[in-house]
Amino acid sequence: MIYNTKFDEFKNELERRNWHKELTNFLDGSIDVAIVKEFYANLYDPEDKPPKQVRVRGHLIKFDEDALNTFLKMPVIIEEGENLSAYSRFCRQRPDPLELVARLCIIGRGFKLNTYGLPLKILWKNLTTLAQT
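Since this is a predicted model, take the numbers as computed values, not measurements.

Asks: Sorry if this is basic, but what is going on with the overall build of the chain here?
Replies: Broken down by element type, the chain carries seven helices and four strands. Secondary structure of the chain in N-to-C order comes out as α-α-α-β-β-α-α-α-β-β-α. Carbon and sulfur atoms provide 57% of the accessible area of the chain, an area that totals close to 11,300 Å².

Here is the structure:
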């Protein structure tokens, strides 16, 4: 169970996607800190090349896009005639700044502009709680 906090919007998003079942079903004390430390200690790859994987106690742990999507039960859907997932296609597009502001910012807030009056960045304090999380 997730308790009510200032992150209720984030909690609702987890529940909407049914991720809360996967991410909150650990019993108290069931996470072995030594294994987590070993994972992070073995994680460093100076070349940062795919596939994303690490050895922990002799087991190969994969955490690439496919492995994470499988864990979260969110399959990558590649539409007919496409060779990239919808998310990868989205990442290659130039997002509309007004749409980003509408989805990410507190009402009435927006981008900090550069010297030419073009969108530069969104300040943390201007983001909704869900966007900050």
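Asks: Looking at this model, I keep getting lost on the pairing of strand S4 (residues 119-122). Mind explaining?
Replies: Regular strands place their side chains on alternate faces of the sheet. By the bridge criterion, three bridges tie strand S3 (residues 111-113) to S4 in an arrangement that is antiparallel. What sits directly across from phenylalanine 111, in S4, is isoleucine 122. Joining the antiparallel neighbours S3 and S4 is a turn of five residues, in which glycine 117 adopts a positive phi near 80°.

Asks: Explain a positive patch on the surface to me, please; I cannot follow it from the model alone.
Replies: On the surface, a cluster of positive charge is made up of Arg109, Lys112, Lys121 and Lys125. Structurally, the position occupied by arginine 109 is in the loop between helix H6 (97-104) and S3.

Asks: Could you clarify how one ought to interpret the side chain of asparagine 126 in this entry?
Replies: Locating asparagine 126 in the fold gives a position in the loop between S4 and helix H7 (129-132). For asparagine 126, a relative accessible area of 9% corresponds to the buried category. Apart from residues lying up to four places away in sequence, asparagine 126 is in contact with Leu104, Cys105, Ile106, Arg109 and Gly110.

Asks: Where do I start with unusual backbone geometry in this structure?
Replies: Phi is mostly negative for residues that are not glycine, and the peptide bonds are mostly trans. Phi angles above zero are rare outside glycine, and arginine 57 is one such case at about 50°. Here arginine 57 shows up in the loop between strand S1 (53-56) and strand S2 (59-62).

Asks: It is not clear to me how the packing of aromatic side chains should be interpreted in this structure. Could you clarify?
Replies: Remark: the centre distance and the inter-plane angle together describe each pair of aromatic rings, the angle taken between the planes. Scanning the entire structure with this criterion turns up one aromatic pair. Centroid distance phenylalanine 39 to tyrosine 40: 5.3 Å. Interplanar angle 90°. Geometry classified as edge-to-face.

What counts and what doesn't
The numbers attached to residues start from 1 for each chain and follow its sequence in the written order. This being a predicted model, a pLDDT of at least 70 is required before a residue's local features are given, and a value of 80 or more before pairs of side-chain atoms are given or counted; all residues contribute to the totals for chains, interfaces and linings. Calculated side-chain values reflect all of the structure's heavy atoms, with hydrogen atoms and water omitted. Helical segments are the DSSP runs of H or I of at least four residues, strand segments are the runs of E of at least two, and each set is numbered from the N terminus. Shrake-Rupley sampling with a 1.4 Å probe provides the accessible areas, and residues are treated as covered by the protein chains on show and by no other component. By definition, two strands form a pair when at least two bridges between them are found by DSSP. Nonpolar side chains (Val, Leu, Ile, Met, Phe, Trp, Tyr) within 5 Å and like charges within 9 Å form the patches, drawn only from residues with over 30% relative accessible area and no salt bridge. Salt bridges are identified by distance alone: a Lys or Arg side-chain nitrogen within 4 Å of an Asp or Glu carboxyl oxygen. This count recognises Lys and Arg as positive and Asp and Glu as negative, with His and chain-terminal groups excluded. The location of each charge is read from NZ of Lys, CZ of Arg, CG of Asp or CD of Glu. Partly exposed describes any residue whose relative accessible area lies between the buried limit of under 20% and the exposed limit of over 50%, with all areas from a 1.4 Å probe on protein chains only and scaled to the type maximum. Pairs of residues are marked as contacts when any of their non-hydrogen atoms sit within 4.5 Å. Whether two aromatic rings pair depends on their centres lying within 6.5 Å, for rings of Phe, Tyr and Trp, where Trp uses its six-membered ring; planes under 30 degrees apart make the pair stacked, over 60 edge-to-face, and the rest tilted.

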